[in-house]
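Observations on the three-dimensional arrangement
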Number of protein chains: 2
Amino acid sequence: MKIGELAQVAQCTVETVRYYEKEGLLSAPARTRANHRSYGECHVERLRFIRNCRALDMTHAEIHTLLGLMDQSAADCGGVNQLLDEHIAHVDVRMAELSQLKQQLSELRQRCQSEQTMDACGILQGLASMETGPRHERQTHLG
Amino acid sequence: MKIGELAQVAQCTVETVRYYEKEGLLSAPARTRANHRSYGECHVERLRFIRNCRALDMTHAEIHTLLGLMDQSAADCGGVNQLLDEHIAHVDVRMAELSQLKQQLSELRQRCQSEQTMDACGILQGLASMETGPRHERQTHLG
DNA sequence: GTTGACCCTATAGGAACTTTAGGGTGTGCA
DNA sequence: TGCACACCCTAAAGTTCCTATAGGGTCAAC
Ligand SMILES: [Zn+2]
Ligand SMILES: [Zn+2]
Ligand SMILES: [Zn+2]
Ligand SMILES: [Zn+2]
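Residues numbered from 1 in each chain as written. Chains lettered and ligands numbered in written order. Predicted model: local features only at pLDDT ≥ 70, side-chain atom pairs only at ≥ 80, totals over all residues. Heavy atoms only, no water.

**Considering the protein's contact with DNA strand C**
- The environment of DNA strand C is made up of 20 residues, and the closest members are Thr16, Tyr19 and Arg54 of chain A together with Gly4 and Arg18 of chain B.
- Taking the atoms of DNA strand C that fall within 4 Å of the protein, sugar and phosphate contribute 85% of them.
- Here Thr13 of chain A contributes a side-chain N or O atom positioned 3.4 Å from a phosphate oxygen of DNA strand C.
- In the environment of DNA strand C, a phosphate oxygen lies 2.6 Å from a nitrogen or oxygen atom belonging to the backbone of Gly4 of chain B.
- Counting residues per element, the ones that place at least two in the surface near DNA strand C are helix H2 (14-23) and helix H3 (41-55) of chain A together with helix H1 (3-9) of chain B.
- Considering every element that reaches the surface near DNA strand C, the biggest residue donor is H2 of chain A, with four residues.
- The residue inventory of the surface near DNA strand C, partitioned by class, reads four nonpolar, eight polar and eight charged. (Near = heavy atom within 4 Å. Polar contact = N/O pair within 3.5 Å; in protein donor to acceptor, adjacent residues only side chain to side chain. Helix = DSSP H or I, 4+ residues; strand = E, 2+ residues; numbered from the N terminus. Nonpolar A, V, L, I, M, F, W, Y, C, P; charged D, E, K, R; others polar.)

In structure tokens:
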């Protein structure tokens, strides 16, 4: 199976597949005489797994950890469960941040109900006079 | 006023100030004989404005547009109001996405209630068998 | 005259890709 | 046989908003 077919069944681009290989998420496949990558069924499964993790907004580091845990089939799945809990916490943090942001933006929006002159626009006044503290570090990988 | 003082009153780093100048958000100031940047009160105001916009997660492109609108003091503020509405929509979109994500993750988490063997872990089974469609284009700049 | 705090430019890195440049391979068709 | 065309290859740069580093210059105090 060539890279284009693999990409098609996994719903991503060939560039993405090559990128995952470079990042060490997908192992390097055999090559044909023409130096083309040749994939098997286990690559399909692994790539689908990775794409599903990405669809859930996990980082490459999280996915890498997960793949590592999975490959220790003798161990129990406690680490997997924990990783998922932590990732859910990332989502919760970002939802709370966005919720507060939305609140601030809504309040700002209310300060100009109709089209004013620039000088009278409550939004511009608000943006000029807000007192923003030092920027807080990002708590989560979700932007 | 030197760059270090400006950065301090605007709660950011000198590197950030220089970066904004390079990006065209902050106009290049006069220089001293020693080639050091020398800022006035209008730079303070503009930088604070920019930082406040960033605190509200606007992109540089959005801020650039906003600054352009502001500088046309003859016009009315309709464009400003519209830009803010659009940015609020960006936040709404991302909140909805995260909400759905959280839902999916919670369902997945429920598939493994105690520590199983890897093979039996419902989370890993779920991640292997999810049917993720082609990734949807990002609708918003908020990650 | 030397320490130290500040300033300068230019460049690289981070995340997760996408895009581009510049080529090689293999198959169908006239 | 010749050639178009779809596919494959690598390497490098672009995306966003900064941060960090390297390698230097300037200025006041002690
Ligand atoms: Zn996470
Ligand atoms: Zn207005
Ligand atoms: Zn926006
Ligand atoms: Zn489990």
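**Re the domain arrangement of chain A**
Residues and elements named next belong to chain A.
- For chain A, the assigned domains are domain 1 (3-71) and domain 2 (77-129).
- Computed over C-alpha atoms, the centres of domain 1 and domain 2 are 35 Å apart.
- At the interface, seven residues of domain 1 touch six residues of domain 2.
- Across the domain 1 to domain 2 interface the summed buried area is about 550 Å²; carbon plus sulfur atoms make up 77%.
- Across the domain 1-domain 2 interface, the total number found is zero salt bridges.
- Applying the counting rule to domain 1 against domain 2 returns three residue pairs in polar contact (both at pLDDT 80 or more). (Domains from an automatic or database assignment. Contact = heavy atoms within 4.5 Å. Buried area = accessible area lost by both parts, 1.4 Å probe. Salt bridge = Lys/Arg side-chain N within 4 Å of Asp/Glu carboxyl O.)

**Remarks on the coordination of the zinc ion (ligand 1)**
Residue and element names in this part refer to chain A.
- Coordination of the zinc ion (ligand 1) by the protein comes from Glu62 (OE), Glu62 (OE), His87 (ND1), His90 (ND1) and His141 (NE2), over a distance range of 2.0 to 2.7 Å.
- When the donors of the zinc ion (ligand 1) are listed by position in the chain, the intervening gaps give E-x24-H-x2-H-x50-H. With His90 in helix H5 (residues 78-110) and His141 in the segment after helix H6 (122-129), the pair connects residues that are 51 residues apart, well separated along the chain.
- Note on His141: relative accessible area 31%, which makes it partly exposed. (Donors = N, O, S within 2.8 Å, 3.2 Å for Na, K, Ca; no water. Buried < 20%, exposed > 50% of the residue type's maximum accessible area, 1.4 Å probe, protein only.)

**Here's the deal with the side chain of Arg109 of chain B**
- Tracing the backbone through its elements, the reader meets Arg109 of chain B in helix H5 (residues 78-110).
- On the accessibility criterion, Arg109 of chain B (18% relative accessible area) is buried.
- Excluding residues that lie within four positions of it along the chain, Arg109 of chain B makes contacts with Asn81, Leu84, Asp85 and Ile88 of chain A together with Ile123 of chain B.

**Digging into the interface of chain A and chain B**
- Taken together, the 59 residues of chain A in the interface contact 58 residues of chain B.
- Taken together, the links from chain A to chain B amount to six salt bridges.
- Lys102 of chain A is paired through a salt bridge with Asp92 of chain B; the nearest N and O atoms lie 2.7 Å apart.
- Taken together, the connections running from chain A to chain B amount to 14 residue pairs in polar contact (both at pLDDT 80 or more).
- Tallying contributions element by element places H5 of chain A first for the side of chain A that touches chain B, with 20 residues.
- Tallied by class, residues from the side of chain A that touches chain B come to 30 nonpolar, 17 polar and twelve charged.

**Considering the confidence of the model for chain A**
- Looking at chain A as a whole, its pLDDT mean stands at 95, while 100% of the residues score no less than 70.
- Mean pLDDT in chain A bottoms out at helix H4 (residues 60-71) of chain A, which sits at 96, and peaks at strand S2 (residues 37-38) of chain A, which reaches 98. (pLDDT = per-residue confidence, 0-100.)

**Details of the coordination of the zinc ion (ligand 3)**
Residues and elements named next belong to chain B.
- Protein-derived ligands of the zinc ion (ligand 3) are Glu62 (OE), Glu62 (OE), His87 (ND1), His90 (ND1) and His141 (NE2), with the metal-ligand distances lying across 2.0 to 2.8 Å.
- Within one chain, the residues donating to the zinc ion (ligand 3) are spaced in sequence as E-x24-H-x2-H-x50-H. With a gap of 79 residues between them, Glu62 in helix H4 (residues 60-71) and His141 in the segment after helix H6 (122-129) connect regions that are remote in the sequence.

**A word on the relation of the copies chain A and chain B**
- Here chain A sits on chain B after a turn of 180 degrees about the axis and a move of 0.0 Å along it, with an RMSD of 0.3 Å. On this basis, the relationship between the two copies can be described by a two-fold rotation axis. No C-alpha of chain A lies nearer the rotation axis than that of Gly143 of chain A, which sits 2.2 Å from it.
- Both copies contact each other with a shared surface, as 97% of the interface residues of chain A are interface residues in chain B too. (Least-squares fit on C-alpha atoms with pLDDT ≥ 70 in both.)

**Some remarks on the protein's contact with DNA strand D**
- DNA strand D sits among 18 residues. The nearest are Gly4 and Arg18 of chain A together with Thr16, Tyr19 and Arg54 of chain B.
- Within 4 Å of the protein, the atoms of DNA strand D are drawn from sugar and phosphate moieties in a proportion of 85%.
- Contact between DNA strand D and Arg18 of chain A: a phosphate oxygen at 2.7 Å from a side-chain N or O atom of the residue.
- Between DNA strand D and the protein, one listed contact pairs a phosphate oxygen with a side-chain N or O atom of His60 of chain B at 3.1 Å.
- Breaking the surface near DNA strand D down by element, the ones donating at least two residues are helix H1 (3-9) of chain A together with helix H2 (14-23) and helix H3 (41-55) of chain B.
- The element best represented in the surface near DNA strand D is H2 of chain B, accounting for four residues.

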